[in-house]
Protein chains: 2
Amino acid sequence: MATTIGELARATGTKVETVRYYERIGLLPAPPRTGGNYRSYGAAELARMSFIRRARDLGFSVEQVRALLGLSDDKQGDCASIDAIARTHVAEVERKLADLIALRRELKAVITSCKGGAVADCRIIEALAPLRG
Amino acid sequence: MATTIGELARATGTKVETVRYYERIGLLPAPPRTGGNYRSYGAAELARMSFIRRARDLGFSVEQVRALLGLSDDKQGDCASIDAIARTHVAEVERKLADLIALRRELKAVITSCKGGAVADCRIIEALAPLRG
DNA sequence: TATTGACCCTGTACCAGCTACAGGGTCTAG
DNA sequence: CTAGACCCTGTAGCTGGTACAGGGTCAATA
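Remember, it's a predicted structure, so these values are computed and weren't measured experimentally.

It is not clear to me how the packing of helix 1 (residues 5-12) of chain A against helix 3 (residues 43-57) of chain A should be interpreted in this structure. Could you clarify?
Helix-helix packing: each pair is described by the crossing angle between the helix axes and the interaxial distance. Residue and element names in this part refer to chain A. Following both chains from N to C, one finds helix 1 and helix 3 inclined at 45 degrees, their axes separated by 10 Å at the closest point. Our classification of the angle between helix 1 and helix 3 gives oblique. Considering how the two elements wind past one another, helix 1 and helix 3 form a crossing that is right-handed. Between helix 1 and helix 3, the contacting residues are Leu8, Ala11 and Thr12 on the first element and Glu45, Leu46, Met49, Ser50 and Arg53 on the second. The residue inventory of the contact of helix 1 with helix 3, partitioned by class, reads four nonpolar, two polar and two charged.

Structure below.
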């Protein structure tokens, strides 16, 4: 049943160093050790690590994951706080999305019509340095 | 004509510490100093700082900005390398954009239908912890 | 003239979220 | 019995700044 840190990492698609890092910052509890001082993980840690990994993949910050874990441990608690964290996060994602779309538009405007001439006539450089234009 | 670091920062929409940081990492040359050891900037530095600021705003990395500055200093050089950097960057932006769109789709799937019940029945937590489902 | 307050200086430490060593120990297969 | 894959701790590095601490300078005002 018990797995090593390497197996846990492989099973959750993380790196060994990352698992140790999560332990250090208190996301993952310190597991028992074997005689040779190896970390020995059970099913609960595997589930917790999967949860962390999935939440991180979805872009939740480490602090948001910490909050989600704390809230999810309290089974009697109210789902509303969890919902609030998720909605805050989706709002952040939508803001970033809007920023990137604006950025792409500007970048494309800058890039148009470089015909490979000399730098002195480069439109990209011109577009980047409005004070010289 | 000569401006202080504070004026340069205000004129380019940066912070004083950031200007000093750019000098430290070699993006902006170290300017002459006044008798009181204050940095004294001229028009060239202002133009360079504007360029840096605009390129950073457009999401170019510091190393990309460094390369663009190096290339743009060589007026006889070929515009093609500049074009390549810009196209690489726009490709990165489009990749990030696609990632964020996928992320938003997944997040929204996770969020649907939280009715404010107990955490034990929270669909968000369920969606995040596939191993428990 | 003295003193405030806004500005400037250097140097260092800190943020997120890992990642990459260095310099060891342990375990397993051949 | 030895090679190699794995594990351990601890520390330093990455990006792109930001935030002090502990001072110095300069212009205006009382």
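Next, the rest of the story.
Can you help me understand the relation of the copies chain A and chain B in this one?
When chain A is fitted to chain B, the residual RMSD is 0.1 Å, and the transformation amounts to a turn of 180 degrees plus an axial shift of 0.0 Å. The transformation relating the two chain copies, once decomposed into turn and shift, fits a two-fold axis. Residues of chain A ranked by C-alpha distance from the rotation axis are headed by Leu97(A), positioned 3.3 Å from it. Comparing interface residues between copies, 100% of those in chain A also sit at the interface in chain B, which points to an isologous, same-surface contact.

Cut-offs used in this document
- Sequence order as written defines the numbering, with residues in each chain counted from 1.
- Working convention: letters from A go to chains and numbers from 1 go to ligands, in the order in which they are written.
- Local features are withheld for residues below a pLDDT of 70 in this predicted model, meaning they are given only at 70 or higher, and side-chain atom pairs are given and counted only at 80 or more; totals for whole chains, interfaces and linings count all residues.
- To obtain an axis, a line is fitted to C-alpha atoms, over the contacting stretch when the element is a helix, and the angle between two such axes runs from 0 to 180 degrees between their N-to-C directions.
- Numbering of helices and strands runs from the N terminus, with a helix taken as a DSSP run of H or I at least four residues long and a strand as a DSSP run of E at least two residues long.
- Note on terminology: angles under 35 degrees are roughly parallel, angles over 145 are roughly antiparallel, angles of 65 to 115 are roughly perpendicular, and the others are oblique.
- Helix crossings are classified by the rotation of the near helix relative to the far one: an anticlockwise turn of less than a right angle makes the crossing left-handed, while a clockwise turn makes it right-handed.
- Note on contacts: each residue gets a C-beta atom placed from the backbone, and two residues are in contact if those atoms are within 7 Å.
- Under the convention adopted here, Pro, Cys and the residues Ala, Val, Leu, Ile, Met, Phe, Trp and Tyr are nonpolar, Asp, Glu, Lys and Arg are charged, and Gly plus all remaining residues are polar.
- The copies were overlaid with a least-squares fit restricted to C-alpha atoms from residues scoring a pLDDT of at least 70 in each copy.

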